[in-house]
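Inside the fold
If you want the building blocks of each chain, they are given just below.
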Amino acid sequence: MYAKKGINKIIGRGVVEGDYYYDETLSTYRHIRKVKWTHSGEWDYSIHKLVLKTLTDISKYPEFVKNLNDIVVKGGNIVEETQPIKTKQYWWLVASPNVWKFSDINVGDIMEYTLLNENGNKRRVYQNFLDAKAGDMVIGYASTPTLQVVALGQIAKDTDEKHLYFRKTEQLLNPIDYSIIKGYEELQGMECMAGGGRGTLFKVTEDEYQVLMEIIRKENPIFDTNTIETYTDSKFLSEVYMSSSELQRLKSLLKNKKNIILQGAPGVGKTFTAKRLAYALMGVKDKQRVEMIQFHQNYSYEDFILGYKPNANGGFELKHGVFYKFCKKALNTPDKDFFFIIDEINRGNLSKIFGELLMLIENNYRGKEIKLAYTDELFTVPENLYIIGMMNTADRSLAMIDYAHRRRFSFFEMNPGFLTDGFKNYMDTLSNERFNKIISGILEINEFICKDDSLGNGFCIGHSYFCNQKEFNLEWLENVIEYDIAPMLKEYWFDDVQKYESQMTLLRNILNDNR
């Protein structure tokens, strides 16, 4: 038997070894004859066009048979019949999350999958289980309600009479929705899509596998773990102007409560601190495990969890929001911690945005399930996900967080870091007397603000206005004072110009000293 591709290529030669039989467990190609393939590859046939029929008896044409035999068996560097080529195969393995999950298996572990179901019957597409060989590549798919490609693996060893042996090689940090895969024209003929996808192990062609891997690697690029920068407490303290005891308290609060809000005046480094706190808890600077968004007045449940969005066809389709996707990401990799950062958390309506998940973000309810409003899907906020919010205490236009929401978060007050060792070291690197005097002046103003009954320590001037300089520059310092600090103080004392003028005079006198 010779296998062809199109009208001018031969791709294999084999010997029929068994009689015809019909296999109803297969979703397609149920009419079977066993063939031992002795040669596999591609050979051009240019003597004449090959017939287009699926199966043709060529024994009547001995010259044609001789030509084929000369090309495949005798021509070029062809493997002898006694050394048939073993080609790699590709498979789509389905896990039902209600029964087992890919995330339950460690990378490198081997799972034994029985060839018979719980009723003792052969699994659907039973022949696929028998055909699976060691080294074959596997796409791991989680069925309803997940509906995502979540893992990659290999067949660990040839299937025996009882088990398929699967080794997980990678847990995808960013799972791929089935809806995305269905949108690719090249994947419309996949065996797993036939018959509604009922079954466990489906064949994937090499071309389909390459398309699938392009989709997967677009969202899950391969990183050399050796190039991910380690991040220590010392590194944190060199970048964030905070004391070591404050850092340890902050880490402890977040680990225990799982949700924390960094609050403070403008310029105390809340956003800067949030990301580096995540890195310090991870021990590495892994940006793939950190997601940052900003709330605003129009932010909604549909943006955050899921909702219907307009599509290109003029209709609407259900889309997953950023927090939903990040929860799935964390759930899919339970051995690592993930950090979700929300800037300006008090600008959004928390009840409207979180919806029914307000209960699930509590540390005591992590891992519990609740039905989502749009789909009735059972959803959970995983235990390895931590939420860090930031809140500006000096913005009078923002609503404060009510008590019902407050009990779900710990609140950490961030103060200006002018007196920390880190900022003092920074001042030493600039080594400028005028800059040092300006900082002393800012400390005096902050003391004045704290004593003001209409303001308080939540309105103090933060240190970040004066950071990120490698060498002192007078023009830069003047710009900070006149265009950052002055407008803020003017807003603070909009009803008392004398207070504003007295504090700004202090700073301006320092700037103009020794000109």
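Turning to the sheet that holds strand 20 (residues 410-414), a few remarks are in order. Strands sit in the order 13-16-19-12-20 across an open sheet of 5 strands; the sheet is parallel. Looking at the sheet topology across the chains shown, the edges are occupied by strand 13 (290-294) and strand 20. On average, adjacent strands in this sheet sit at an angle of 20 degrees to one another, irrespective of strand direction. Where strand 12 (residues 259-264) meets strand 19 (residues 385-392), 6 bridges bridge the pair, whose relative direction is parallel. Counterpart to Gln263 in the pairing with strand 19 is Met391. Strand contacts of helix 7 (residues 270-282): strand 12, strand 13, strand 16 (338-343), strand 19 and strand 20, with the helix running at about 160 degrees to strand 19, the strand carrying the most contacts. On the sheet, helix 9 (residues 322-332) packs against strand 13, strand 16 and strand 19 and is oriented at approximately 160 degrees with respect to strand 16.

The strands making up a sheet associate through hydrogen bonds between their backbones, and the pairing can be parallel or antiparallel. Here 6 strands make up an open sheet; going across it, the order is 7-10-9-8-6-11 and the pairing mixed. Of all strands in the sheet, those bounded by a partner on one side alone are strand 7 (110-114) and strand 11 (201-204). Across this sheet, the average inter-strand angle for adjacent strands is 35 degrees, counted without regard to direction. For strand 8 (residues 137-142) and strand 9 (residues 148-157), the ladder comprises 6 bridges, and the chain directions are antiparallel. Directly across from Ala142, in strand 9, lies its bridge partner Gln148.

Right, let's talk about helix 14 (residues 433-451) for a bit. An ideal rise of 1.5 Å per residue puts 27 Å on 19 residues; helix 14 measures up with 28 Å between its terminal C-alpha atoms. Each element contacted by the buried residues of helix 14 is listed here: helix 13 (421-430), helix 15 (474-492) and helix 16 (497-512). At the N-terminal end of helix 14, a side-chain oxygen is found 3.0 Å from the backbone nitrogen of Arg434, two or three residues along, and the residue is Asn432.

Attention now goes to unusual backbone geometry. Outside of glycine, negative phi angles account for most residues, and trans bonds account for most peptide bonds. With a phi angle near 55 degrees, Leu147 is a residue other than glycine that sits in the positive phi range. Here Leu147 lies in the loop between strand 8 and strand 9. For Lys258, which is not a glycine, the phi torsion comes out positive at approximately 75 degrees. Inspection of the secondary structure puts Lys258 in the loop between helix 6 (244-257) and strand 12. Owing to a relative accessible area of 11%, Lys258 belongs among the buried residues under this scheme.

Here the focus is a nonpolar patch on the surface. On the surface, Met1, Val16, Trp37 and Leu55 cluster together into a nonpolar patch covering about 410 Å² of accessible area. With respect to the secondary-structure elements, Trp37 resides in strand 5 (residues 35-44).

Let us look at the pattern of salt bridges. In total, this model carries 20 salt bridges according to the counting rule given. Salt-bridge contacts for Glu42 lead to Lys5; the nearest nitrogen and oxygen are separated by 3.8 Å. Linking Glu42 in strand 5 with Lys5 in strand 1 (residues 2-5), this pair joins segments that are 37 residues apart in sequence. With a relative accessible area of 46%, Lys5 lands in the partly exposed category. Between Arg289 and Asp286 there is a salt bridge whose closest N-O contact spans 3.1 Å.

We now examine the packing of aromatic side chains. Applying the stated criterion across every chain, the model contains 36 aromatic pairs. The positively charged end of Arg276 is found above the aromatic ring belonging to Phe272, 3.6 Å away from the centroid.

Attention now moves to the confidence of the model for the protein chain. Summary statistics for the protein chain give a mean pLDDT of 86 and a share of 92% for residues scoring 70 or more. No element of the protein chain has a lower mean pLDDT than strand 3 (residues 21-22), at 68, and none a higher one than strand 16, at 96. Scored below 50 in pLDDT, residues 76-84 makes 15 contacts in the model with residues more than four places away or belonging to other chains.

This next bit is on helix 7. Every α-helical turn comprises 3.6 residues, leaving residues that sit three or four positions apart pointing alike. End to end, helix 7 covers 19 Å across 13 residues, agreeing with the expected 18 Å (1.5 Å per residue, within 8%). Counting buried residues along helix 7, 10 of its 13 residues qualify, which places the element largely inside the surrounding structure. When helix 7 is considered as a whole, its buried residues turn out to be Lys270, Thr273, Ala274, Arg276, Leu277, Ala278, Tyr279, Ala280, Leu281 and Met282.

The rules behind these values
Residues numbered from 1 in each chain as written. Predicted model: local features only at pLDDT ≥ 70, side-chain atom pairs only at ≥ 80, totals over all residues. Heavy atoms only, no water. Pairing = 2+ DSSP bridges. Helix = DSSP H or I, 4+ residues; strand = E, 2+ residues; numbered from the N terminus. Axes fitted to C-alpha atoms, helices over the stretch in contact; angles between N-to-C directions. Contact = heavy atoms within 4.5 Å. Expected span 1.5 Å × (residues − 1). Polar contact = N/O pair within 3.5 Å; in protein donor to acceptor, adjacent residues only side chain to side chain. Buried < 20%, exposed > 50% of the residue type's maximum accessible area, 1.4 Å probe, protein only. Patch = residues over 30% accessible without salt bridge, like charges linked within 9 Å, V, L, I, M, F, W, Y side chains within 5 Å. Areas by Shrake-Rupley, 256 points an atom, 1.4 Å probe, with all protein chains shown as cover. Salt bridge = Lys/Arg side-chain N within 4 Å of Asp/Glu carboxyl O. Phe/Tyr/Trp six-rings, centres within 6.5 Å; stacked < 30°, edge-to-face > 60°. Lys NZ or Arg CZ within 6 Å of the ring centre and 35° of its normal. pLDDT = per-residue confidence, 0-100.

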